[in-house]
Amino acid sequence: MEGGSENPPGKECIPGYSNLQAFLQSAFPYVVEGVKASNSLPSPQEFSYYRTYPEFVNIMKYEGMKLQNLMDCLMKRNGIRKIDHHFDTIIDSNDKSLDRVTNNLLEMDGRKRNPLPSKPATNLQKTVVPSGGWHEKDESSHPSKEEITLCVSPGTIRPQVFFKDKVDNSNSPWIPRIKEKPNALKPLSILVELNDLGHESYSHPYDYELTLWKPEESMLSTVKVTKPLPFSETPFLFVETEEQLNILMEDLSKVKEIAVDLEHHSYRTFMGFTCVLQISTWEKDYVVDALKLRDKLHVLNEVFTNPAILKVFHGADSDVEWLQRDLSVYVVNMFDTYQASKLLGFARLSLAHLLYRYCKVEANKEYQLFDWRKRPLPESAIKYAREDTHYLLYIYQLMRNELIEHANGKTNLLEAVFDRSRDTCKKVYCKPSLEEDSHMAIYRRLKLSFDNRQLYALREIYRWRDRIARQEDESCGYVLPNHMMVQICRTLPREVQGILACCNPIPPLVRTYLLELHQIALRAKEQPLVKSLVEEAVKSEPGVERDLRLILPQDNSGLEFRDDLPTLLGGGLPQVPPLSDQMPTPIMSAFDDIGRSDSSQTKEKLEKVKFISPYERYIKVLPYAIQLEKEERERREKEEEERLSNATNALELSSKDNPPEDKEEPEPQPLAKNRGYLKKARIERGEIPARQENKPSPAKSPRIGVVGGDVRLSVKNSEKKFNKNQSNSRQFQESEWTDSNQHSGYDYSKVDYNKFQSGANSPNGKRKAFGQKFQNKRKKNNFQDRNAKKKRGHQKM
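Residues numbered from 1 in each chain as written. Predicted model: local features only at pLDDT ≥ 70, side-chain atom pairs only at ≥ 80, totals over all residues. Heavy atoms only, no water.

Engineer: Looking at this structure, how should I read the overall build of the chain?
Structural biologist: Across its full length, the chain carries 26 helices and eight strands. Going through the 797 residues of the chain one by one, you find that 33% of them count as buried. Long-range contacts, defined as pairs at least 24 residues apart, comprise 68% of the intrachain contacts of the chain with a sequence gap of at least 6. (Helix = DSSP H or I, 4+ residues; strand = E, 2+ residues; numbered from the N terminus. Buried < 20%, exposed > 50% of the residue type's maximum accessible area, 1.4 Å probe, protein only. Contact = heavy atoms within 4.5 Å.)

Engineer: Where do I start with empty space enclosed by the protein in this structure?
Structural biologist: Regions of empty space are outlined by a rolling probe, equal in size to a water molecule, passed over the atoms. Applying the stated criterion across every chain, the model contains three cavities of 30 Å³ or more. Here the second largest cavity defines a volume of roughly 70 Å³. Taken together, P228, L229, T234, T281, W282, D285, H390, L393 and Y394 make up the lining of the second largest cavity. Its residues placed into classes, the lining of the second largest cavity shows five nonpolar, three polar and one charged. (1 Å grid on protein atoms, 1.4 Å probe; cavity = no way out; pocket = protein on both sides within 12 Å on 5 of 7 lines; lining within 4 Å. Points joined across faces, edges and corners; volume = space filled by probe spheres on them. Nonpolar A, V, L, I, M, F, W, Y, C, P; charged D, E, K, R; others polar.)

Engineer: How do you make sense of the pattern of salt bridges when you look at a structure like this?
Structural biologist: Pairs can form between side chains of opposite charge once their charged atoms are near each other. If you walk through the whole model with that rule in mind, you get 29 salt bridges. Of the charged contacts, one joins D473 and R158 as a salt bridge, the two residues approaching to 3.8 Å between their closest N and O atoms. One end of the pair, D473, is in the loop between α15 (452-472) and α16 (476-479); the other, R158, is in the loop between α4 (87-109) and β1 (192-194), with 315 residues separating them in the sequence. Each of the salt bridges in this network shares a partner with another, and the network as a whole consists of D165, R177, R294, R325 and D326. (Salt bridge = Lys/Arg side-chain N within 4 Å of Asp/Glu carboxyl O.)

Engineer: Any chance you could explain the pairing of strand β4 (residues 257-265) here in plain terms?
Structural biologist: For a regular strand, side-chain orientation follows a simple rule: the groups alternate between the two sheet faces. In terms of burial, β4 is largely enclosed, as nine of its nine residues are buried. Pairing analysis gives three bridges linking β4 to strand β7 (residues 310-313), with the strands arranged parallel. Residue pairing in the sheet places E257 in a bridge with L310 of β7. Pairing geometry for β4 and strand β5 (residues 273-280), over seven bridges, is antiparallel. Within the sheet, the bridge partner assigned to V260 lies in β5 and is I279. (Pairing = 2+ DSSP bridges.)

Engineer: For this particular structure, what's the right way to read the environment of N301?
Structural biologist: Position of N301 among the secondary structure elements: in helix α7 (residues 301-304). Look at N301 and you get buried, because its relative accessible area is 2%. Put simply, N301 and K181 are 120 residues apart on the chain and 7.8 Å apart in space, counted from C-alpha to C-alpha. Excluding its chain neighbours within four sequence positions, the residues that come into contact with N301 are I178, P182, N183, N306, S328, V329 and Y330.

Engineer: Quick question: what am I supposed to make of the side chain of S203 here?
Structural biologist: Its place among the elements puts S203 in the loop between β2 (200-202) and α5 (207-212). Not counting chain neighbours up to four residues away, the residues in contact with S203 comprise S189, I190, L191 and E193.

Engineer: It is not clear to me how the packing of aromatic side chains should be interpreted in this structure. Could you clarify?
Structural biologist: To describe a pair of aromatic rings, you give the distance between the ring centres and the angle between the ring planes. Summed over all chains, the structure comprises 18 aromatic pairs. Taken together, a centroid distance of 6.0 Å and an interplanar angle of 90 degrees make the contact between Y49 and Y53 edge-to-face. In this structure Y49 comes out as buried when scored by relative accessible area, which is 14%. Counting every residue linked through ring pairs, the aromatic cluster contains Y49, Y50, Y53 and F56. Positioned above the aromatic ring of Y356, the side-chain terminus of K360 is 5.3 Å from the ring centre. Residue placement shows K383 over the ring face of F231; its charged tip is 5.8 Å from the ring centre. (Phe/Tyr/Trp six-rings, centres within 6.5 Å; stacked < 30°, edge-to-face > 60°. Lys NZ or Arg CZ within 6 Å of the ring centre and 35° of its normal.)

Engineer: Help me understand a negative patch on the surface, please; the structure alone is not making it clear to me.
Structural biologist: Taken together, the side chains of E631, E634, E637, E641 and E642 make up a negatively charged region of the molecular surface. Within the secondary structure layout, E634 lies in helix α23 (residues 614-657). (Patch = residues over 30% accessible without salt bridge, like charges linked within 9 Å, V, L, I, M, F, W, Y side chains within 5 Å. Areas by Shrake-Rupley, 256 points an atom, 1.4 Å probe, with all protein chains shown as cover. Lys, Arg positive; Asp, Glu negative; His and termini not counted. Charge placed at Lys NZ, Arg CZ, Asp CG, Glu CD.)

Engineer: Looking at this model, I keep getting lost on the packing of helix α9 (residues 337-344) against helix α13 (residues 412-425). Mind explaining?
Structural biologist: To describe two helices that pack against each other, one gives the angle between their axes and the distance between the axes. It is the contact of α9 with α13, at a shortest axis distance of 9 Å, that shows an interaxial angle of 140 degrees. Compared by their axis directions, α9 and α13 come out oblique. In this structure, α9 crosses over α13, and the sense of that crossing is right-handed. Contacts between α9 and α13 involve Q339, A340, K342 and L343 on the former and, on the latter, L413, A416, V417, R420 and T424. Counted by class, the contact of α9 with α13 contains five nonpolar, two polar and two charged residues. (Axes fitted to C-alpha atoms, helices over the stretch in contact; angles between N-to-C directions. Parallel < 35°, antiparallel > 145°, perpendicular 65-115°, else oblique. Left-handed = near helix turned anticlockwise from the far one by under 90°.)

Below, the structure is given as C-alpha cells:
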C-alpha cells in the first residue's frame, strides 16, 4: 500500500484507521509528547542525585513495575511466556527498528547518499518518501504523483570546480569583488574596518546610499490590492544564457516592484554557494541559473540598488549576505515580509504560512532539502521555486494595508518594517573564522559536562574538522557531525575501531583521516586529570552523590546534607504555629496612651527610668581617666629609673673587671650631647645667669575640651607634656648645679669636678674605654682570621 491510498470499504489497514496516513497523523502528537518526556528525563549524574530522595525511588519503582507489566502483556499476546529467554531477541528487534528510523531520517536530511543511481532525465526518480506524518501531504495539495528522494545524489558533479573565481576557504577576511557601483551617490570606496566581533572586514559599498534612503510618501499609504495572475497562465523564463539575462534586465528596468528569493546549497561546500535565483513581477516569473551565470549576475546591481524599484524578500538576513558573497549584488529599498509578520504578531513566520494564510496555497516544503546543484532542474523543483515569489507581491500589498490598519491609520508600523529591512541591507558578509574558544559554542549549546581531558579532545577535534573542511571544501557537518564528535570526546576510545563505533554511518572523511582522530584521542587520555574545586568538595562528603552542574561556588547548601529534612514530596512543610495574642508589654513605647487603664503603672515605670546625658556621663568618667593617667605616668617613671640604675651597675662592673690599659682621650661629644656642659661653663664665667632648676613648676591639669570631648585626647596631651618635662629634667638632674636664688653666689667647693672630667675615670671615659677595648679586640680577631685564610690558601697551592 502506497502513502495514503484508501483501503476497500469496510476493510481497515490498522484497527480503527482506514489507511496508514490517518494512523500516522493521529500517532504523531503522542510521538512528540514521548520525545519531550524523554528529553526531560534526568541525566546519569542527576539521576544519582535524585535517588537520594526516597519518594523519587518509590515513584521510579512504581513506574518500572508498570512498564514491566506492559511488556509482559505484549509478550503474552505474541505467544511469549517468559521474557528472559527472548530478551536478546527483543533487544535485536529494537535495534533494527531504531536503525531503520535513523537511516530514513539521514536519507531525508540529505546526509546519506542515495544508493540508487540518478537518471539524467528531467523528472526525478520515483522512490518512497521516508516514513513520518510530517513529510507526507494529501494528494489534493500536490496533483503530481511523483515523489522525490531528499538526498544528495552521488552522481552530482561539484560545481565549484568550474567557478572562475576560485573558492578561498582560508581564515582571512572576505574581500568584495564589486568593480562598478551603479546608482551611486558617493564614489565606490571599500575600507577595512572592525565588525562587532572584533574581526577585520570591509565596509559596505552602499552604506552611504542606504543611510540617506527613505521610503517615498506613496509607499506609506494604503494600496489597492491587485490579484496575481493564475500560476498556470503566468509567463515563465528560465535564464541560463547571457541573451536571456539581457532580456531579464530589460524587463526588470520597466517595473516598480519585484519579488526576489534564492536557493542555497551548503552541505557539500565549506562556505556554501547560491544555486538558483527566483525573480517575479506582476506579469512574469524568472528562474535564474546562478551556477552557470555566477560571474555575470553582478549586472543585477542596476536594478537591485535602484531606490525607485522596491524589492520584496522574505527572511532576507541570509539572502543579502549570499548575494554579496557569490554574485556581488547589493540591495537598496527592500520590504521584508518576515519583519512585517513579526510586527503583526503572527504565530508562525514562515513563507509557507503566509502562502496559506493569504493565498490558500500549500507550499511543498519537501524541496527545502533538495539538492539544487542538479542540472537540469526537474519541473517539480522549478514549480516549487516559482511559488516562492509568484505570490509574494500580492502578499506584500495585503500586509502593507494590514500594518496601517493595525496602527489605526498611522504609518509607524510600516515605517518600522522599512527601517528593519534597511538594517538588513546594511549587513556585510563575514567568512566563518576559527577562534581560540570556537568549540565552546557547541559545549554550551548542548549543555555538556566534560572534564579537562574531554575538553582537550573537543578542542582538538573541532580544529581538525575545521582544517579538513577548509582543505576539502566540505561542510563541517559532512566531515564529522556534531553528535558524532561529542560521542568521540565523551568516550575517548583507545582503539581505532572505537572511533568508527562512535560514528553511524561513518563519514567518508573520517575513514580517510582515521589515524589523526585516533592520535587526538590518545593525546587527550594522556592529559593529567584535573578535578575542579566543586567536584573535590562534593566527593569529600561521604555517601553523597550530587550533580556538579547544580552546584555554584556561592551555594553553601551542600555543607550539611541531611535526608530527614521536610520536603514537598513528603507531604508538605510543617505548619507554623500562630502567634500568641498575649505579648509582653514594653516598658517604654511611642504608642503609650496616658489615658488608658494602666496609665498609673506606666508612670511608675517611667519614673524609675533615669536618663543621663552624654555630657553628664563624661563628667562622671573624667576622674577615673585622670587617675588612670596618673598611675600610668608613675609606672613609666619607675620603669625608667630601674632601667638607668641597671645600666649604671653594668658599666661599673665591667670597668672593675676589665680596667683600661691605655688611657686615651675620648672622642669629642656632639654638640647636642655637650650642650649642658657648655651652658655650665658660661654660667661660671658669668655670661648668663643661673636658672632655677629646683623650683617646682605649677602642675598643669589636663585640658578638658568642649562638651562631649574625648577623655582619651586629654590623657594623650598630658602624656606628651609629661615626657617633655621629664626629658628636660634629665639634663639638670644634679641638684648641686643650681640654687633656689638665681642672683646669689654659689659655693663651688661642694661640686664634684670628677663628674665633669672627660678622662678615663669619668663615667663617659669608662664607657669609651670599654667600647674602644671591644673594638680593638674585634679588629685583632679579624686580623688573625685573615692571616689563617691566607696560610690555608698557600698550602693548597
